[in-house]
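Residue-level structural notes
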Amino acid sequence: MPRHTTRLRQLLNDPNILVAPGAYDGTGSRLVKQLGFQAVYLSGFETAASILGQPDVGYLSHTQMVERVTAIADVVDLPLIADADTGFGNPLNVRRAVIAYERAGAAAMHIEDQTFPKRCGHMLGREVVPVHEMVQKIKAAVDARQDPDFVIIARTDARTTHGLDEAIDRGATYHEADADMLFIESPESEEEMRRICETFRGIVPLLSNQVEGGRTPTPGVGVLQDMGYTLAIFPVGTAFAAAQGMRDYLEVLATADTRGALENRIQFDGFTALIGLGEHTELERRYQSEQ
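Residues numbered from 1 in each chain as written. Predicted model: local features only at pLDDT ≥ 70, side-chain atom pairs only at ≥ 80, totals over all residues. Heavy atoms only, no water.

So, empty space enclosed by the protein
One pass over the structure, following the stated rule, counts one cavity of 30 Å³ or more. Estimates place the volume of the largest cavity at around 40 Å³. Counting residues per element, the lining of the largest cavity draws most heavily on strand 7 (residues 207-209), at three residues. (1 Å grid on protein atoms, 1.4 Å probe; cavity = no way out; pocket = protein on both sides within 12 Å on 5 of 7 lines; lining within 4 Å. Points joined across faces, edges and corners; volume = space filled by probe spheres on them. Helix = DSSP H or I, 4+ residues; strand = E, 2+ residues; numbered from the N terminus.)

See the structure below:
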């Protein structure tokens, strides 16, 4: 089997768009794999919500994200695309992040041009650093990778505050700095999305960030492919679904008992199977001491 990095490159070269759902833990990653997706995405938004119960506003550390990369890479053999925020500091911090993410098992990471503290790309109040600062971060990331197939994705958050022209110009500059893929965050209409794709068609692959209820339209995977996107991440829908499921369960428990709350939902045997109890039991048998 090819390395996860090489596999991701192959998938990105395929004419069909690659869809990577978000997962913030090992259980979600197993579901992504079980349902036939070919890649998984680790979101800073979901990780901040799950670990800290806090919004995605710069609280997460390099160490916390690397721990999640490790956990997911340990349980699923899918290429993992991971959020690295601003690279956690200056170009030297970016180098450290690339080395750590690659060692932890990621196949790709994206860094963004926001000032610190950063914010989720679909929140207001984001500002961006000067272009030359981001260029140095991209160069540091490219220099730091050990595996040439590890994918460096450059994200710009300039659209919301500075307009689409500025975002496109930054994207072109980041491509010139040797980013492998561009992530033009939060275009606000399908027309803007099509303009981005037309600008970079045949030049550099593009990522679309599909946040349900966010600033960017969610027209469907087929439309995204027709536009010209190479990769579509759906970073937060799993967190929204999990939160709603927990709320529904707890509302029942708060007023009665749980007998009526588990219809059409996974229960004990199904959940333990999902998280690999059967594999663990087989390993126990294999290494059981003979009497």
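Resuming the write-up.
A closer look at the sheet that holds strand 7
Reading across from one edge, 1-8-7 is the order of the three strands in this open sheet, with parallel pairing throughout. Single-partner strands in this sheet number two, and they are strand 1 (18-21) and strand 7. Geometrically, the sheet is characterised by an average inter-axis angle of 20° between neighbouring strands, direction not taken into account. When strand 1 meets strand 8 (residues 231-234), the two strands line up parallel, connected through four bridges. Opposite Ala20, over in strand 8, you have Ile233 as the bridge partner. (Pairing = 2+ DSSP bridges. Axes fitted to C-alpha atoms, helices over the stretch in contact; angles between N-to-C directions.)

Some remarks on the pattern of salt bridges
Within the structure shown, the criterion is met by 21 salt bridges. Residues Arg9 and Asp180 are paired through a salt bridge, measuring 3.3 Å at the closest nitrogen-oxygen approach. In this pair, Arg9 sits in helix 1 (residues 4-13) while Asp180 sits in the loop between helix 8 (164-176) and strand 6 (181-184), placing the two residues 171 residues apart along the sequence. Taking the shortest distance from any N to any O, the salt bridge between Glu198 and Arg201 comes out at 2.6 Å. In this structure Arg201 comes out as partly exposed when scored by relative accessible area, which is 43%. Several salt bridges converge on common partners, so that one network encompasses Asp56, Asp85, Glu112, Lys118, Arg126, Arg155, Asp157 and Glu185. (Salt bridge = Lys/Arg side-chain N within 4 Å of Asp/Glu carboxyl O. Buried < 20%, exposed > 50% of the residue type's maximum accessible area, 1.4 Å probe, protein only.)

Remarks on the environment of Ala71
With respect to the helices and strands, the residue Ala71 is situated in helix 4 (residues 62-75). It is 37 Å that separates the C-alpha atoms of Ala71 and Thr199, two residues lying 128 residues apart in sequence.

A word on the packing of helix 8 against helix 9 (residues 190-200)
For the pair helix 8 and helix 9, interaxial distance at closest approach is 11 Å and the crossing angle is 30°. The orientation of helix 8 with respect to helix 9, classified from their angle, is roughly parallel. In terms of crossing hand, the pair formed by helix 8 and helix 9 is right-handed. Only Glu192, Arg195, Ile196, Thr199 and Phe200 of helix 9 make contact with helix 8, whose side of the interface consists of Leu164, Asp165, Ile168, Gly171 and Ala172. Class assignment of the residues belonging to the contact of helix 8 with helix 9 gives a composition of five nonpolar, two polar and three charged. (Parallel < 35°, antiparallel > 145°, perpendicular 65-115°, else oblique. Left-handed = near helix turned anticlockwise from the far one by under 90°. Contact = heavy atoms within 4.5 Å. Nonpolar A, V, L, I, M, F, W, Y, C, P; charged D, E, K, R; others polar.)

Quick look at the pairing of strand 6
Burial of strand 6 is two-sided: the residues Met181 and Phe183 facing one way and the residues Leu182 and Ile184 facing the other way are all buried. As paired elements, strand 5 (residues 151-156) and strand 6 share four bridges and run parallel to each other. Each bridged residue has a counterpart across the sheet, and for Arg155 the counterpart in strand 6 is Phe183.

Overview of the environment of Pro91
Counting through the fold element by element, Pro91 comes out in helix 5 (residues 91-104). We classify Pro91 as partly exposed; its relative accessible area is 29%. Remark: the alpha-carbon pair of Pro91 and Tyr249, spanning 158 residues in sequence, is separated by 45 Å. Aside from chain neighbours lying at most four places away, what touches Pro91 is Gln136, Lys137 and Ala140.

Some words on the layout of surface pockets
Considering only enclosed or pocket space, the largest pocket measures out at about 800 Å³ in volume. Breaking the lining of the largest pocket down by element, the ones donating at least two residues are helix 2 (26-34), helix 11 (237-255) and helix 12 (268-274). A total of seven residues in the lining of the largest pocket trace back to one element, the largest contributor, which is helix 11.

Remarks on the side chain of His62
Within the secondary structure layout, His62 lies in helix 4. Apart from the residues lying within four places of it in its own chain, the contact partners of His62 are Phe88, Arg96, Ala97 and Ala100.

Quick notes on the packing of aromatic side chains
Here the structure, examined in full by the defined rule, presents one aromatic pair. Consider the rings of Phe45 and Phe240, whose centres lie 6.4 Å apart with planes at 80°: the pair is edge-to-face. Of this pair, Phe45 sits in helix 3 (residues 44-52) while Phe240 sits in helix 11, and the two are 195 residues apart along the sequence. Residue classification places Phe240 among the partly exposed residues on the basis of a relative accessible area of 38%. Here Arg155 stacks its cationic end above the ring of Phe183, 5.2 Å away from the centre of that ring. (Phe/Tyr/Trp six-rings, centres within 6.5 Å; stacked < 30°, edge-to-face > 60°. Lys NZ or Arg CZ within 6 Å of the ring centre and 35° of its normal.)

Overview of the sheet that holds strand 3 (residues 80-83)
Pairing is parallel in the open sheet, where five strands are placed in the order 2-3-4-5-6. Lying at the two open borders of the sheet, with one neighbouring strand each, are strand 2 (40-42) and strand 6. Each adjacent strand pair in this sheet contributes to an overall mean axis angle of 20°, direction not counted. Taken together, the five bridges between strand 4 (residues 108-112) and strand 5 define a ladder with parallel strand orientation. Residue pairing in the sheet places His110 in a bridge with Ile153 of strand 5.

Limitation: the analysis is restricted to geometry and does not speak to function.
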